[in-house]
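# Residue-level structure breakdown
Listed here are the chains, written in short residue letters.
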Amino acid sequence: LLRRLGLEVYCPKRFPRNPDNRSASVSHEFDDSLSIPADELRTLNAFDFYSGDHPPEIRRILNERFRTVIVPYMFPLFTQALAYFHGRILLRTFGSTHPTHSYASWARAVAAPAFDRQLARASDRFWFAQAYPHLKSIESPLFQRRAVDLPLGLPERVTRNRDTWTGSDPRILFVCPEIETYPECRQIYRDFKAEFGDLGHVICGAQSKPVADPAVLGKVDAETYDRLFRTCAVMVYHSTLPRHLHYHPLEAICYGMPLVYMQEGMLGRLTGRKQPGACDTWQEARAKVRRLIDRRDADLVRDIRTSQEAIYRLFTAGHARRDVPEALTA
């Protein structure tokens with residue numbers, strides 16, 4: 001999308017190898033289209049922007065060659081951009097998993113005491129580039145004033161599987177990575193097993209440590225992942241977070257798989273009203289799952305799949321292109 005707007009795009013090539021970045025990857029596909037001198041491109045490609053201070057040569061290249069940087073909410077990368085980059089800074093936010101902290105308050109906690117001064121100096125060049133319009137609602141006044149919507153569009157590698165679901169496998173598909181690495185993931189896993197463990201199910205997601213459960217497949221290859229999304233009868237999505245959304249329920253919706261999810265979470269906020277797949281309690285979720293995998297309730301399957309169109313439209317490339325913000329094109 002950025003390149004279709006006539007912008008050159010550079011992507012860093014190095015990042016920390018740890019469980020937090022388990023789904024991260026790099027691509028050199030845009031390098032040939034860049035006007036950056038070859039020696040400077042080699043310098044950028046060899047540098048890990050995420051792990052430490054940016055040396056003078058990196059700062060020089062960024063300020064001479066780029067008008068805009070889009071940064072994730074990672075430290076010290078975000079504060080390094082505020083301190084040393086002279087162009088526009090877009091903080092790309094997809095929703096926090098923290099129960100109480102906003103983006104602004106957590107930044108103050110981890111980057112104090114310099115953060116407020118750095119942000120104030122860059123405030124006329126800073127944008128809170130939110131993927132969902134309600135993320136700014138709990139933010140500081142500055143973040144709210146500088147908010148701009150940058151919707152998330154699903155890529156072609158996902159949308160090419162549109163409506164290929166068959167539901168021939170009467171099992172639940174659940175995604176829960178790093179079960180033995182993070183306490184919150186272990187609790188999500190335990191809650192799912194308590195509610196649905198007696199029903200046929202399969203659990204995907206990269207696991208740094210082995211899990212003593214034959215239903216946990218770990219990170220699977222692309223062919224297996226595709227097959228599970230095409231054939232499993234239903235996906236259960238656990239999250240009740242109001243300002244965070246994982247990627248896999250969107251993939252399920254794209255495939256046409258019925259998704260059973262919690263109304264309290266972000267998916268409930270996006271639609272504005274309770275859809276057939278939404279549930280207020282785990283008991284309601286279990287009842288709907290049983291209708292889908294036991295009795296193959298065709299009416300419920302149809303109602304859930306039809307209602308999911310309202311969610312899918314919010315993640316199409318067309319929706320993302322509809323209102324290109326001035327923050328990127330000016």
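Relevant structure appears above.
In this convention, every chain numbers its residues from 1, walking through the sequence in written order. Under the rules for a predicted model, residues below a pLDDT of 70 receive no local features and side-chain atom pairs below 80 are neither given nor counted, while totals for whole chains, interfaces and linings still include all residues. To get the side-chain values, all heavy atoms of the structure are used, and hydrogens and water are removed first.

### Details of the sheet that holds strand 6 (residues 201-204)
- If you walk across this open sheet you meet the six strands as 7-6-5-8-9-10, and the pairing is parallel. A strand with exactly one partner marks an edge of an open sheet, and here the two such strands are strand 7 (216-218) and strand 10 (278-279).
- At least two bridges found by DSSP between two strands are what make those strands a pair. Helix numbering and strand numbering both begin at the N terminus, where a helix is a DSSP run of H or I of at least 4 residues and a strand a DSSP run of E of at least 2. Note: strand 9 (residues 259-262) against strand 10, two bridges, orientation parallel. In the sheet register, Met262 faces strand 10, and the bridge partner there is Cys279.
- The sheet strands contacting helix 9 (residues 222-231) are strand 5 (169-175), strand 6, strand 7 and strand 8 (232-236), and the helix crosses strand 8 at an angle near 95 degrees. Whether two residues touch is decided by their heavy atoms; if any such pair falls within 4.5 Å, the residues are in contact. With axes taken as lines fitted to C-alpha atoms, and helix axes fitted only over the stretch in contact, angles between N-to-C directions fall between 0 and 180 degrees.

### Here's the deal with the packing of aromatic side chains
- Geometry of aromatic contacts follows a simple scheme: Phe, Tyr and Trp rings, the Trp one being its six-membered ring, pair when their centres are within 6.5 Å, and the pair is stacked under 30 degrees between planes, edge-to-face over 60, tilted otherwise. Scanning all chains against the criterion turns up 17 aromatic pairs.
- Aromatic pair Tyr103 and Phe128: ring centres 5.7 Å apart, planes at 70 degrees, arrangement edge-to-face. One end of the pair, Tyr103, is in helix 4 (residues 103-111); the other, Phe128, is in strand 3 (residues 126-130), and 25 residues separate them in sequence. In this pair, the class of Tyr103 matches that of Phe128, namely buried. Buried means the residue's accessible area, taken with a 1.4 Å probe over protein chains only, is under 20% of the maximum for its type, while exposed means over 50%, and partly exposed covers the values in between.

### Re unusual backbone geometry
- Residue Phe75 is joined to Pro76 through a cis peptide bond whose omega torsion reads 15 degrees.
- Counting through the fold element by element, Pro76 comes out in the loop between strand 1 (68-71) and helix 3 (77-84).
- Notably, Asp163 is not glycine yet its phi reads approximately 55 degrees, a positive angle.
- Take Asp163: it is sitting in the loop between helix 7 (156-159) and strand 5.
- Relative accessible area serves as the criterion here: at 44%, Asp163 is assigned to the partly exposed category.
- Phi is positive for Glu178, close to 50 degrees, though the residue is something other than glycine.
- For Glu178, a relative accessible area of 2% translates into the label buried.

### Considerations on the environment of Thr79
- Secondary-structure assignment places Thr79 in helix 3.
- A relative accessible area of 11% means that Thr79 is categorised as buried.
- Considered as a pair, Thr79 and Asp53 are 26 residues apart in the sequence and their alpha carbons are 9.4 Å apart.
- For Thr79, the residues in contact, after removing those within four places along its chain, are Ala111, Phe115 and Gln118.

### With respect to the nonpolar core
- Formed by 93 residues in total, the largest nonpolar core has its most connected members in Phe49, Tyr132, Phe143, Leu173, Leu245, Val289 and Phe315.
- Residue contacts for Phe49: discarding those within four places in its chain leaves Tyr10, Pro12, Arg14, Leu44, His54, Ile58, Leu62 and Leu77. What we call a nonpolar core is a set of buried Ala, Val, Leu, Ile, Met, Phe, Trp, Tyr and Cys residues that are connected through their side-chain atoms within 4.5 Å.

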